[in-house]
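Listed here are the chains, written in short residue letters.
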Number of protein chains: 2
Amino acid sequence: MRTAYHDELAELRAALGAMCELSGVTMEHATRALLQADVDVADRLLEDRRQMEHYSAEAEEKAFKLLALQAPVAGELREVLTGLQIVADIDRMYALALHVAKVARLRHPAPALPEEVRGYFAEMGRLAVRLADGAREVLQTLDPQAALELDADDDAMDDLHRHLFSVLMDREWPHGVAAAVDVTLLGRYYERFADHAVAVGRRVVFQATGKTPEQFAE
Amino acid sequence: MRTAYHDELAELRAALGAMCELSGVTMEHATRALLQADVDVADRLLEDRRQMEHYSAEAEEKAFKLLALQAPVAGELREVLTGLQIVADIDRMYALALHVAKVARLRHPAPALPEEVRGYFAEMGRLAVRLADGAREVLQTLDPQAALELDADDDAMDDLHRHLFSVLMDREWPHGVAAAVDVTLLGRYYERFADHAVAVGRRVVFQATGKTPEQFAE
């Protein structure tokens, strides 16, 4: 019984790790599609959703089964429940990466991004991928300290996002309203992606310590 | 034991209902703050977050406790687990309503909305509040048919959202980029609010029937 339990818990962990990796890779490719106006990359990402649906359904099912058949308590119960919440966060990260791909495809063959904001998105893409990697790692190590450190990249993302808005709002923006709308939405997609990665980290802190990140940091 | 169990389950349900109601009321007031450029209403909403934090922590705690102490199975396990997922959806609805209030406050004393899109937001606000009400109702009745019917208002929201974008993109938009950015983000907040209400409905279908909405609709 306990062996089966630990095997299943390990499978749940593995499924979450795989989901996190797929979200990161998808965001990496979507950013490339966006920066290089590469519609083939964007198309491939948008046609290829089955894998995540599969992981996600599998992870939820595993969590439900573990609870129904093994009735875990204390730390193990906490792990399964936060696992279930983490599925929703990673699902959302993946959906946001696909939103980026969609914008890249919609504007094709025109580039969706005016030259002067490309650097912002290259950097936001880099941070997003690093955050997804970081979230994947802490899901594996359950290291609450490392989980909290995801905040630093999220702060950098928020900074970029703010600067991006000041480019849109304060200068003479010469690219028209349509481009401004795209840049606004894209900026939001990256920022939300980062928020969800941080949320994964926060849940790992709770998983590992039973404390909220604020309690743990004290 | 079973009596305690059912009392606690009823409390969890009540907490979710209260959260849903608070999200709807907050969106209603935020929309008013937006349309009437009423900074006092916006301020009050933004200062008043404690209630939702309290509900949300309470609902999560109840779900954890139910699972830890009562180890429910089958339909009751499903109810507690989906309850936990629903907390995250309603938390997000509330956060989005506050985002609307923030935009209203940021632009004060200027109205955040140009005259020609005010009608869109009045209607999107009406739909958002109706969706929150609908979600609250199905949380109470657990009626899967009614839960699925939330889709109709969400479709109406998506329609409005699309039209709003065509106003921004296709005509000579005379209000400049800053207003376009605000309208873009606001439109997204309402649309996401509606999506989360529909997600609550989908989870209720699963809670009540053990089927996904697609399986149930067949």
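Residues numbered from 1 in each chain as written. Chains lettered and ligands numbered in written order. Predicted model: local features only at pLDDT ≥ 70, side-chain atom pairs only at ≥ 80, totals over all residues. Heavy atoms only, no water.

Peer 1: Run through the relation of the copies chain B and chain A, naming residues and quoting values.
Peer 2: For the pair chain B and chain A, the superposition axis carries a translation of 0.0 Å, the fit reaches an RMSD of 0.0 Å, and the rotation angle comes to 180°. Look at the turn and shift together and you get a two-fold axis relating the two. In this assembly the copies share their binding face: 100% of the residues contributing to the interface of chain B also contribute to that of chain A. (Least-squares fit on C-alpha atoms with pLDDT ≥ 70 in both. Contact = heavy atoms within 4.5 Å.)

Peer 1: Which residues make up the side chain of Arg-203 of chain A, and what are the values?
Peer 2: All names here are of chain A. With respect to the helices and strands, the residue Arg-203 is situated in helix H7 (residues 176-209). Within the local environment of Arg-203, its side chain forms a polar contact with the side chain of Asp-89, the two groups lying 2.9 Å apart. Apart from residues lying up to four places away in sequence, Arg-203 is in contact with Thr-82, Gln-85, Ile-86 and Asp-89. (Helix = DSSP H or I, 4+ residues; strand = E, 2+ residues; numbered from the N terminus. Polar contact = N/O pair within 3.5 Å; in protein donor to acceptor, adjacent residues only side chain to side chain.)

Peer 1: Just give me the short version of the environment of Met-169 of chain B, but keep the residues and values in it.
Peer 2: Locating Met-169 of chain B in the fold gives a position in helix H7 (residues 150-170). The class of Met-169 of chain B is partly exposed, set by a relative accessible area of 24%. The spacing of Met-169 of chain B and Ala-180 of chain B is eleven residues in sequence and 9.2 Å in space, taken between C-alpha atoms. Residues contacting Met-169 of chain B, with those up to four places away along its chain left out, are Arg-107, Ala-178, Val-181 and Asp-182 of chain A. (Buried < 20%, exposed > 50% of the residue type's maximum accessible area, 1.4 Å probe, protein only.)

Peer 1: Tell me about the interface of chain B and chain A, residues and numbers included.
Peer 2: Listed as interface residues are 30 residues of chain B and, on the opposing side, 31 residues of chain A. Roughly 2,600 Å² of surface becomes buried between chain B and chain A when both sides are summed, with 73% attributable to carbon and sulfur atoms. Between chain B and chain A we count zero salt bridges in total. Taken together, chain B and chain A are joined by two residue pairs in polar contact (both at pLDDT 80 or more). When contributions to the side of chain B that touches chain A are tallied by element, the ones reaching two or more residues are helix H3 (50-70), helix H4 (74-107), H7 and helix H8 (176-209) of chain B. At eleven residues, H8 of chain B tops the list of elements feeding residues into the side of chain B that touches chain A. Of the residues assigned to the side of chain B that touches chain A, the class counts are 20 nonpolar, three polar and seven charged. (Buried area = accessible area lost by both parts, 1.4 Å probe. Salt bridge = Lys/Arg side-chain N within 4 Å of Asp/Glu carboxyl O. Nonpolar A, V, L, I, M, F, W, Y, C, P; charged D, E, K, R; others polar.)

Peer 1: Break down unusual backbone geometry for me, with residues and values.
Peer 2: All names here are of chain A. Cis geometry marks the peptide bond from His-108 to Pro-109, where omega comes out at 5°. Summarising the element assignment, Pro-109 is placed in the loop between helix H4 (74-107) and helix H5 (115-141). Despite not being glycine, Ala-74 has its phi angle at roughly 50°, a positive value. Here Ala-74 shows up in helix H4. With a phi close to 55°, Leu-142 is a non-glycine residue in the positive phi region. Since its relative accessible area comes to 22%, Leu-142 is described here as partly exposed.

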